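Summary of the model geometry
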Amino acid sequence: MNIKSFEEYREIYKQSEQDRLKFWEHEAGTFYWRKSWEKVHSGGFEKGDIKWFEGGKLNITENALDRHLNTIGNKTAFIFEPNHPDSFRRTITYRQLHEDVCRFANVLQEKGIEKGDRVCIYMAMTPELIISALACARIGAVHSIVFAGFSAQSLAERIQDCDAKMLITNDGLRRGDKHVPLKDISDEALESCPTVKNVIVCQRTNRDIDWKEGRDEWWHNLIRNASRNHKAVEMDAEDPLFILYTSGSTGKPKGVLHTCGGYMVYTSYTFRNVFQVQEEDVYWCTADAGWITGHSYIIYGPLFNGATGIIFEGTPTYPDPGRLWEVVEKYKVTHFYTAPTAIRALMSYDLKYVQKYDLSSLKVLGSVGEPINEEAWHWYDDHVGGGTCPIVDTWWQTETGGIMISPLAGVTPTKPGFATLPLPGIFPTLMDENGKEIEGNGVSGNLCIKHPWPGIARTVWGDHERYLKTYMSAYKGYYFTGDGCRRDPDGYYRITGRVDDVLNVSGHRLGTAEIENALDEHPNVVETAIVGYPHDIKGQGIYAFMICEKTPEDPKAFKKELHDLVTKIIGPIAKPDKIQITPGLPKTRSGKIMRRILRKVAADDLENVGDTSTLLDPSVVDDILKGEAY
Ligand code: WTA
């Protein structure tokens, strides 16, 4: 059942406070379990031994697909909208999706993939990506989807980290007017990935590709003779479902692990209540399935609820900046969920691109991935929503599995820039510098969560210590989000952004250390410090301060070399926007870079650079202030 009114929200929130376990047990009871759980919940943040619905047996694809066959088998599960509006588009019913997933599950098993094996998926945003993920879930293999904008080296690192046995990819993809040769990139990555024995290639661009006999096989050949009957493998609620790599403050990206039962209950519950999607609605989340938003709110959450979703292969500005609205009009989209960066990008074009289309089908607008500034919020509200669609500003993270703080559409009164209130069963708190909870309203602090919820990540793949250190050690007994937050006089939450060394560039998470390490590979670079700075469209831009061996003769050519290097090591999303060459970096006596100072310089907030007396060499700051970025 959905929460229908603000009073009801308050009431249910109170009930969840009084008895968390009863609340979540009730939600879990709405699913099909082959065997019910023995214990609702055990473990906690301190040891990171969190379990939900332990002993319960299920396969989550039976809840996403099989369960719907007798009721809504002929309903559209997905509408596929290709990169170019004139290319082939198609719709897939729940029955067809079930059949495709069963066939591909049989293919995976024939190729020797078993429960617990890791399968890497590096694909275009097409139905086959989703079929691949669901087929893994059906046979109990752990999927690791890698965004198809990452480089060969990033792909290889992710495959190596989880010892994936198989890679599923495309020959290539088109994103806007760009072509990305996914198979070539995969071939390069696989040179250093001996664990991958099979590569399944799904045809998308029909370009020439290299072929490794014995390793590579075409999707269409394998699927042709596969049976459409498949008995889903029984999983324990706490068996792994997927790994998704995400950036942190330090080191390489970490493989966040989600498990079957809790993730299912949590994504389904949050999807239903936040978006309030009705039977006939058409829901469109514009994310890529390579990010958590795609996992939880394109694939899993909507399917558990029998919704009709759109799989969009394209970009907001191709062939022109009216593309998203053209799709809304074409399919009479009712629920539209995107990132502020897309809104800001589209705001910079003529309004005629929005006004040209009939957007009257829209009922609910969503925002995710980064703080939404008030200007973007109002533009979204006025020009897309026509002033009549509630905006759900949904705060959450890869690690939380699903939405944590958000208005419920049409239920929670909204305020521009505010994620508003926590969902029932979620207990946020703000912490002060001394590690104490800050009481009352009209306060700011670091955002923590008090009690485990079913969707929380259970570990970092292969490195439980890192999981404990990253999330559970800053405040004992709490989950630390890494975000700063304000609670206004009405008790509404406004997320102010990361307080650690993680950047949020166009809604993508990037670690400063990762980018620094990539740039340091350049022979002329001695040391780099990366900070974020306010950027009109990206939210945050990437600013690199760097010490060079010799001053580059041609700064433009040097910047291009650095861009190529970052593109090769990480991917184009991590290219620095600005580069400033400096004779030194501001370091404390213990050798730590004082990023606070660099952030002020990057933001052009030169009056507020603050105290520099604890620096090893305060004169460095003068040099930096005199310097210039290009
Ligand atoms: C940020 C994306 C403000 C935040 C689902 C968080 C947001 C990080 C919002 C997680 C929001 C996400 N308002 N900030 N509505 N949603 N963030 O793991 O800094 O890619 O910690 O998950 O994005 O990014 P991730």
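Residues numbered from 1 in each chain as written. Predicted model: local features only at pLDDT ≥ 70, side-chain atom pairs only at ≥ 80, totals over all residues. Heavy atoms only, no water.

**Focus on the overall build of the protein**
To keep it simple, the criterion reads: Per the convention used, a helix needs a DSSP run of H or I reaching at least four residues, while a strand needs a run of E reaching at least two, with both numbered from the N terminus. As a reference, a globule follows 2.2 Å times the number of residues to the power 0.38, and the radius of gyration itself is taken over C-alpha atoms. Burial classes: relative accessible area under 20% of the type maximum marks a residue as buried, over 50% as exposed, and values in between as partly exposed (1.4 Å probe, protein chains only). Two residues form a contact once any of their heavy atoms are found within 4.5 Å.
Of the regular secondary structure elements, the protein holds 20 helices and 30 strands. Radius of gyration (C-alpha) of the protein: 24 Å, near the 25 Å computed for a compact globule of 630 residues. On the principal axes, the C-alpha backbone points of the protein span a range of 75 × 60 × 55 Å. Each of the 630 residues in the protein was classed as buried or not, and the buried ones make up 62%. Within the protein, contacts between residues separated by at least 24 positions form 71% of all contacts whose residues are at least 6 apart in sequence.

**What to know about the UniProt feature "domain: AMP-dependent synthetase/ligase" (unreviewed entry) in the protein**
For the record, the criterion: UniProt positions are given in the numbering used here, feature names are shortened, and annotations may be inferred rather than shown by experiment.
Listed under "domain: AMP-dependent synthetase/ligase" (unreviewed entry) in the UniProt record, and renumbered for this structure, are residues 67-457. Across residues 67-457, the secondary structure splits into 31% helix and 22% strand, with the terminal C-alpha atoms separated by 26 Å.

**Focus on the UniProt feature "domain: AMP-binding enzyme C-terminal" (unreviewed entry) in the protein**
Using the residue numbers shown here, the UniProt feature "domain: AMP-binding enzyme C-terminal" (unreviewed entry) corresponds to residues 514-592. Between the end C-alpha atoms of residues 514-592 the distance is 17 Å, and the span holds 28% helix and 32% strand.

**So, the site of the ligand**
Selection rule: Here a residue counts as near a molecule or strand whenever at least one of its heavy atoms sits within 4 Å of it. Residue-level accessible areas treat just the shown protein chains as cover; the underlying method is Shrake-Rupley with a 1.4 Å probe. Note on residue categories: nonpolar means Ala, Val, Leu, Ile, Met, Phe, Trp, Tyr, Cys or Pro, charged means Asp, Glu, Lys or Arg, and polar means any other residue, Gly included.
Close to the ligand lie 17 residues; Asp393, Thr398, Asp483, Arg498 and Arg509 are nearest. In isolation the ligand has 530 Å² of accessible area, and contact with the protein removes 95% of it. Going through the elements one at a time, α11 (292-304), β20 (391-394) and β25 (493-498) are the ones with two or more residues in the shell around the ligand. Among the residues making up the shell around the ligand, the classes are represented as 6 nonpolar, 6 polar and 5 charged.

**A closer look at the packing of helix α2 (residues 20-28) against helix α10 (residues 260-275)**
Inclusion rule: Axis lines are fitted through C-alpha atoms, for helices just across the contact stretch, and the angle between N-to-C directions can take any value from 0 to 180 degrees. Angle categories are assigned with fixed cut-offs, so that under 35 degrees is roughly parallel, over 145 is roughly antiparallel, 65 to 115 is roughly perpendicular, and the rest are oblique.
Contact geometry of α2 with α10 gives a least axis separation of 10 Å together with a crossing angle of 90 degrees. Considered as vectors, α2 and α10 are oriented roughly perpendicular to each other. The segment α2 lies against α10, with Phe23, Trp24, Glu27 and Ala28 engaging Val265, Tyr266, Tyr269 and Arg272. Tallied by class, the residues present in the contact of α2 with α10 amount to 6 nonpolar, no polar and 2 charged.

**Observations concerning the domain arrangement of the protein**
So the rule is basically this: In this entry, domain limits derive from an automatic or database-based domain assignment. Computed with a 1.4 Å rolling probe, the buried area is the accessible surface lost when two parts are put together, summed over both parts. Each reported salt bridge corresponds to a side-chain nitrogen of Lys or Arg within 4 Å of a carboxyl oxygen of Asp or Glu. For the purposes of these results, a polar contact is taken to be a pair of N or O atoms within 3.5 Å, where, inside protein, one atom must be able to donate a hydrogen and its partner to accept one; residues adjacent in sequence count only when each atom of the pair is a side-chain atom.
Taken domain by domain, the protein comprises domain 1 (6-485) and domain 2 (506-626). Placing the centre of domain 1 and that of domain 2 at their C-alpha centroids yields a distance of 32 Å. Domain 1 puts 22 residues into the contact, and the matching count from domain 2 is 20 residues. Summing both partners gives a buried area of about 1,500 Å² for domain 1 against domain 2, and 47% of it is carried by carbon and sulfur. Our count for the domain 1 to domain 2 interface comes out at 1 salt bridge. Across the salt bridge formed by Glu399 and Arg509, the nearest N and O atoms sit 3.0 Å from each other. The interface formed by domain 1 and domain 2 includes 12 residue pairs in polar contact (both at pLDDT 80 or more). Broken down by secondary-structure element, the contributors of at least two residues to the side of domain 1 that touches domain 2 are α7 (152-162) and α13 (340-347).

**Some thoughts on the sheet that holds strand β6 (residues 118-122)**
Inclusion rule: Only strands joined by at least two bridges in the DSSP assignment are considered to pair.
Reading across the sheet, the 8 strands line up as β12-β11-β8-β6-β7-β14-β15-β23 and stay open at both edges, with mixed pairing between neighbours. Taken across any chain shown, the strands that pair with only one partner, and hence form the sheet edges, are β12 (216-218) and β23 (459-460). Sheet topology places β6 next to strand β7 (residues 142-145); 4 bridges connect them, and they run parallel. For Val119, the partnering residue across the bridge sits in β7 and is His143. Here helix α8 (residues 182-190) sits on the sheet and contacts β6, β8 (166-170), β11 (198-202) and β12; the angle it forms with β8, its principal contact strand, is near 155 degrees.

**Looking at the sheet that holds strand β4 (residues 76-81)**
Read from one edge of the open sheet, 7 strands run β5-β4-β17-β16-β18-β19-β20, paired in mixed fashion. Only two strands of the sheet have a single neighbouring strand rather than two, namely β5 (90-93) and β20. In this sheet, neighbouring strand axes are inclined to one another by 20 degrees on average, regardless of whether the strands run parallel or antiparallel. Two strands pair when backbone bridges link them, and strand β16 (residues 282-285) and strand β18 (residues 335-338) are joined in this way by 3 bridges, in the parallel orientation. Paired with Cys285 across the two strands is Tyr337, which belongs to β18. Contacts from α10 reach β16, β18, β19 (364-368) and β20, with the element oriented near 145 degrees to β20.

**Some words on helix α6 (residues 127-139)**
This is how the line gets drawn: To estimate the expected span of a helix, subtract one from its residue number and multiply by 1.5 Å.
In this model α6 runs 18 Å from its N-terminal to its C-terminal C-alpha over 13 residues, within 8% of the 18 Å that 1.5 Å per residue would give. Where burial is concerned, most of α6 is hidden: 13 out of the 13 residues are buried. Where α6 terminates, the next one or two residues include Gly140, which has phi positive at roughly 85 degrees.

**Considering the pattern of salt bridges**
Considering all chains together, one arrives at 40 salt bridges under this definition. Across the pair Lys115 and Asp239 runs a salt bridge whose closest N-O atoms are separated by 3.3 Å. Residue Lys115 is located in the loop between α5 (94-110) and β6, and its partner Asp239 is located in the loop between β13 (235-236) and β14 (240-246); the two are separated by 124 residues in the primary sequence. A salt bridge links Arg204 to Glu313, with the shortest nitrogen-to-oxygen separation between them at 2.8 Å. Residue Arg204 is found in the loop between β11 and β12, and its partner Glu313 is found in the loop between β17 (308-312) and α12 (323-331); the two are separated by 109 residues along the sequence. Residue Glu313 is classed as buried on the basis of its relative accessible area of 7%. When salt bridges that share partners are traced, they join Glu81, Arg89, Arg323, Glu326 and Lys330 into one network.

**Let's talk about the pairing of strand β21 (residues 428-431)**
Burial along β21 is two-sided: the residues Pro428 and Leu430 and Thr429 and Met431 are all buried. Pairing between β21 and strand β22 (residues 443-449): 4 bridges, direction antiparallel. Paired with Thr429 across the bridge in β22 is Cys448.

**Structural notes on the packing of aromatic side chains**
Test applied: Side-chain rings of Phe, Tyr and Trp (the six-membered ring for Trp) are treated as a pair once their centres are within 6.5 Å; stacked means planes under 30 degrees apart, edge-to-face means over 60, and tilted covers the remaining angles.
Taken as a whole and judged by the stated rule, the model has 40 aromatic pairs. Taking 5.8 Å as the distance between ring centres and 10 degrees as the angle between the ring planes, the aromatic pair formed by Phe6 and Tyr9 counts as stacked. Residue Phe6 and its partner Tyr9 are both found in helix α1 (residues 6-18); the two are separated by 3 residues, about one turn of the helix. Judged on exposure class, the residue Phe6 and its partner Tyr9 are both buried. Here the aromatic rings of Phe23 and Trp24 are separated by 4.8 Å at their centres, their planes lie at 75 degrees, and the arrangement is edge-to-face. Like Phe23, the residue Trp24 is buried in the burial classification.

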